[in-house]
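Chain by chain, the residues:
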Amino acid sequence: MSHPAPAQSAPLRFRIQKSFHQATPPFFVDVNAEVQPGITMLFGHSGSGKTTLLRCLAGLLAPDRGFVELNGQKFFDSEASLDIPASQRQIGFVFQDLALFPHLSSEDNIAYGLFRLSDEQRRGRVDRVLEAFRISHVKNRHPGSISGGEQQRVALARALVTDPQALLLDEPLSALDPATKSLIMDDLLAWISERRLPVLYVTHSRDEVFALGHSVIALESGKVIARGSPRDVFSGHRHQSVAEWGGVENVFVGQVEAHHSLQGTMTVHTGQIELEVPLGRAPVSESVRVGISASDILLASQEPRGLSARNVISGEIHSVEQRDATVIIKIDCKGTTFEAHVTPAAVESLHLQKGSTVWVVIKTHSCFLIER
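Residues numbered from 1 in each chain as written. Predicted model: local features only at pLDDT ≥ 70, side-chain atom pairs only at ≥ 80, totals over all residues. Heavy atoms only, no water.

Got a minute to help me understand the pattern of salt bridges in this structure?
Two side chains that carry opposite charge are able to pair once their charged atoms sit near each other. For the coordinates displayed, the defined rule picks out 16 salt bridges. Residues D64 and K18 are paired through a salt bridge, measuring 3.7 Å at the closest nitrogen-oxygen approach. Residue D64 is located in the loop between α1 (50–58) and β4 (65–70), and its partner K18 is located in strand β1 (residues 12–20); the two are separated by 46 residues in the primary sequence. With a relative accessible area of 33%, D64 lands in the partly exposed category. Residue classification places K18 among the buried positions, given a relative accessible area of 13%. Between K139 and E107 there is a salt bridge, with its nearest N and O atoms 3.8 Å apart. With K139 in the loop between α3 (119–132) and α4 (148–160) and E107 in helix α2 (residues 106–111), the pair connects residues that are 32 residues apart, well separated along the chain. One salt-bridge network, held together by shared partners, links R13, E34 and E69. (Salt bridge = Lys/Arg side-chain N within 4 Å of Asp/Glu carboxyl O. Helix = DSSP H or I, 4+ residues; strand = E, 2+ residues; numbered from the N terminus. Buried < 20%, exposed > 50% of the residue type's maximum accessible area, 1.4 Å probe, protein only.)

So, in structure tokens, the structure goes:
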């Protein structure tokens, strides 16, 4: 479940333009966005510009043009020749490789950015964040002698102990096992929610997007290709790379056969079957790609009648495979294979097994066109 942004507003606003003319091929980042309090997930394929964007926001890399504004304060403005150093931006940054100092204890790593405070103030802040991230027991140990999850907690604690006004996270949990990741997510959410921080969080995990994010920004080749809530980004019309990243199980290449403007639909011919999908811009005879999530496909053991769903296609079950609490059913429909995800209870009640005849039922608006 996604988490709503806190009501109080202290947004991170930016427009970042950065060219890499010497890259092969040349690369250009151009992103204009606003990050509200809460966690905004940032994703895209490797090389899409995610880390470049974070480094520009943190002040570790100078943009060519644009601005960075946090809670009404400008940190970068190319028109005003303003570029506040990273150490003065009040933006926390957790690197993918953590960048902990191996010769310092966990406590000293966390306290590293608090040199301006008195000893008493420094100890108070460090103790609070050690307790919040449940790592008081490793305060005197060096990074090399603690677990990966504990190292990750130390890195997060170091970024948060300075009370930043925003937080940048570059795949902070990618190397952790699911159980450890889940515990750290809970602690991170509690800290961020209490302080109402805007957070930009780079991830390649769909699970992290839905567990942590209240909004999503998708990048490709340095540009925003989708933004919105996790549900908005991963449903409806979507870009091909978003569909690939989001794990859309059914993607078919077909040809537009007819438009039905009054009904707001069109017919797409793929293989030996036809699908009725929402009306798009593609003209008749043009090739299109249609995506359907496996969880949006219904199965019937008898031919259904009187349905509002426009796509009812007979087929034969090719395989049945159970993965945890989900059963993956693959159905051959005249040479086109559909993948459907159902519950074990549905398998039992419908007597679904390899070789059985079933009807695939798909609502028109469960089909979406994938942009190239």
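The structure having been displayed, the exposition proceeds.
Looking at this model, I keep getting lost on the sheet that holds strand β5 (residues 73–77). Mind explaining?
As summarised here, the arrangement of the five strands in space is β2-β1-β4-β5-β6, forming an open sheet in which the pairing is antiparallel. The outermost strands of the open sheet, each flanked by one partner alone, are β2 (27–35) and β6 (82–83). Where β5 lies against β6, two bridges are found, and the strand directions are antiparallel. When the sheet's bridge partners are listed, D77 is paired in β6 with L82. Along the sheet face, α1 touches β1, β2 and β4 and points at about 120° away from the line of β1. (Pairing = 2+ DSSP bridges. Contact = heavy atoms within 4.5 Å. Axes fitted to C-alpha atoms, helices over the stretch in contact; angles between N-to-C directions.)

So what exactly am I meant to see when it comes to the pairing of strand β11 (residues 223–228) here?
Within a regular beta strand, the side chains point alternately toward one face of the sheet and then the other, so they alternate between its two faces. Here strand β10 (residues 215–220) pairs with β11 via five bridges, running antiparallel. Within β11, the residue paired with L219 across the bridge is V224. From the end of β10 to the start of β11, which pair antiparallel, there are two residues, and S221 there has a positive phi angle of about 50°.

What is the right way to read the sheet that holds strand β20 (residues 336–342) from this model?
Pairing between the strands of a sheet comes from backbone hydrogen bonds, and it takes one of two forms, parallel or antiparallel. If you walk across this open sheet you meet the five strands as β17-β21-β18-β19-β20, and the pairing is antiparallel. Two strands in the sheet have a free side with no partner beyond their single neighbour: β17 (298–300) and β20. On average, adjacent strands in this sheet sit at an angle of 45° to one another, irrespective of strand direction. Strand direction decides the pairing type here: strand β18 (residues 311–323) and strand β19 (residues 326–333), joined by seven bridges, are antiparallel. Considered in β19, the bridge of E316 is made with D332.

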